[in-house]
Amino acid sequence: MSNPFTTALLRWYRNHGRDLPWRHTSDPYPIWLSEVILQQTRIAQGLAYWERFMEQFPTVETLAAASEDEVLRQWQGLGYYSRARNLHAAAKQIVAMGGFPKKYEEIRQLKGVGDYTAAAIASFAFGLPHAAIDGNAYRVLARYYGIETPINTTTAKKEFAAVAQQLLPARQAADFNQAMMDFGATLCTPTSPKCPECPLAEGCEALHSHRTDVLPVKQKTVKMATRHFTFVYVRCQGEIAIMRRPAGDIWQGLWQPLLIEGDVNGEKVWHELEEKGQFTLLAKNVKHVLTHRIIYADFFLLEVAVKPSLPQGYVWTTETDLCRYALPRLVERLLEHLPSSTMPAGAQR
Ligand code: SF4
């Protein structure tokens, strides 16, 4: 027998649930794809990416057979590129396993798949009774039950998992998980929840104790680190110098023009280039915010008649071919600052 929370939530979902294309299938591949794309991404933006991915890589086999560059290229603009690399690696894992795993524990073994995504796939594709707890579910449960444990702690993970698992109706696991997500995303929103029209209002602790603005509680995290990048778009007769970013830093595997990051070697490169041509400042102190750091970037254009020698790792490509390379969003912003008459085709997306 369902509890009042679950009954009211499911009733609300039947009338107000969002109609999304991956909810019309029980094929785990499109479901998994949607879950990975929608981590840290709004549905409106994620939907277009999901459609493009499904068109480009209609099956897990086609995704596994693609090159990393192709996958990153399709992912471009979504950020958090490790998700794309993990997606690609997991597609290869699935193919090697002979098909998509059907058990929660096996799904959880896939690269980049955590507790939440594994539970979402297990319930949506296979109807398995696993509660999927995302940010929406944390918020709804924290408010409804007045739970003050900071949601970004391991204690909370266990506590909320136990609460959600108890509320989950075994035969309607998919509906329950989807309902929690939609309810948190559209009604019990982070700021200004729509309490007057909420079907859970009667039993909501946060509402009755006037704590909707303080719940859920989050523990303060470390201060954002700041980095300063100087990008130089070195152009020589229609070609530009680019480099693939190495492992162990942000944007691994993506491409960038010459980067000088404020070290001694950088100063040397700068002075050598100064003798070869004219620097034009395109933009200064462009602020770019990532999860744990803020980058301030200066953009320069350097036109040279003869290709200068550059630090190791740089290659030359034509500007028309630049659109074939996966670029971080910050580099796209540099391209947008180029004088329009000289902007490469890829920058006019
Ligand atoms: S009453 Fe308000 S805070 Fe409580 S669950 Fe409903 S929308 Fe959220």
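Before reading on, note that the structure itself is shown above.
Along each chain, residue indices are assigned from 1 in the same order as the chain's sequence is written. A pLDDT threshold of at least 70 governs which residues receive local features in this predicted model, and a stricter bar of 80 or more applies before side-chain atom pairs are shown or counted, although totals over entire chains, interfaces and linings include all residues. The side-chain quantities take in all heavy atoms of the structure and omit both hydrogens and water.

Q: Go over unusual backbone geometry, please, and point to the residues and values.
A: Residue L215 is joined to P216 through a cis peptide bond whose omega torsion reads 0°. You can see P216 is positioned in the loop between α12 (205–208) and β1 (225–236). Phi angles above zero are rare outside glycine, and Q40 is one such case at about 65°. Segments assigned H or I by DSSP are reported as helices when at least four residues long, segments assigned E as strands when at least two residues long, and all are numbered from the N terminus. Structurally, Q40 can be placed in the loop between α2 (28–38) and α3 (43–56). Summary of the burial criterion: residues with accessible area below 20% of their type's maximum are buried, those above 50% are exposed, and those between are partly exposed, where the area comes from a 1.4 Å probe applied to protein chains only. For Q40, a relative accessible area of 60% corresponds to the exposed category. Of note in this structure, Q237 is not a glycine but carries a positive phi near 45°. Position of Q237 among the secondary structure elements: in the loop between β1 and β2 (239–244).

Q: Could you give me a rundown of the side chain of R85, with the residues and numbers involved?
A: You can see R85 is positioned in helix α6 (residues 81–97). For the buried R85, which has no salt bridge, the nearest side chain bearing the opposite charge is E68, at an N-O separation of 4.8 Å. Those residues within four positions of R85 in sequence are excluded, and the remaining contacts are E68, L72, Q252, G253 and L254. The positive count covers Lys and Arg only, the negative count covers Asp and Glu only, and His and the chain ends enter neither. Any carboxyl oxygen of Asp or Glu that lies within 4 Å of a side-chain nitrogen of Lys or Arg is treated as forming a salt bridge with it. Residue contacts are counted whenever heavy atoms from the two residues lie within 4.5 Å of one another.

Q: How would you sum up the site of the ligand? Please name residues and give values.
A: Taken together, R143, C188, P193, C195, C198, A201, C204, L207 and T212 are the residues near the ligand. Classifying every residue of the shell around the ligand gives seven nonpolar, one polar and one charged. Consider each residue's heavy atoms; a residue with any of them within 4 Å of a molecule or strand counts as near. In this count, Pro and Cys sit with the nonpolar residues alongside Ala, Val, Leu, Ile, Met, Phe, Trp and Tyr, while Asp, Glu, Lys and Arg are called charged and the others, Gly among them, polar.

Q: Can you explain the packing of aromatic side chains? Please cite residues and give values.
A: Each Phe, Tyr or Trp ring (for Trp, its six-membered ring) is paired with any other whose centre lies within 6.5 Å, and the angle between the two planes then decides the class: stacked below 30 degrees, edge-to-face above 60, tilted in between. Throughout the structure, instances matching the rule amount to 17 aromatic pairs. Plain terms: the ring middles of F229 and F231 are 5.8 Å apart, the flat faces sit at 85° to each other, and that makes the pair edge-to-face. We note that F229, like F231, is buried. An aromatic cluster is built from F229, F231, W251 and F299, whose rings are joined through pairwise contacts. Here, over-ring charges are defined by two tests on the NZ atom of lysine or the CZ atom of arginine: distance to the ring centre within 6 Å, and angle to the ring normal within 35 degrees. If you follow R52 out to its NZ or CZ, it ends over the ring of Y49, 4.8 Å from the centre.

Q: I'd like a rundown of the pairing of β2, residues and numbers included.
A: Any two strands with at least two DSSP bridges between them are considered paired. Summarising the sheet, β1 and β2 pair through two bridges and their orientation is antiparallel. Residue pairing across strands places C236 opposite E239, the latter belonging to β2. Counting the residues in the hairpin turn of β1 and β2 gives two residues, including Q237, whose phi is positive at 45°. Summarising the sheet, β2 and strand β6 (residues 314–318) pair through five bridges and their orientation is antiparallel. Directly across from M243, in β6, lies its bridge partner Y314. As paired strands, β2 and strand β3 (residues 255–260) are joined by three bridges and run antiparallel to one another. Opposite I242, over in β3, you have P257 as the bridge partner.

Q: Describe the side chain of T6, with residues and values.
A: Topologically, T6 is positioned in helix α1 (residues 4–16). The class for T6 is buried, based on a relative accessible area of 0%. Once residues within four sequence positions are removed from consideration, T6 is found in contact with L167, P169 and F176.

Q: Just give me the short version of the environment of A162, but keep the residues and values in it.
A: Mapped onto the secondary structure, A162 falls in helix α10 (residues 154–167). Classification of A162 as partly exposed rests on a relative accessible area of 47%. Spatially, the C-alpha atom of A162 lies 9.1 Å from that of A131, the residues being 31 residues apart in sequence.

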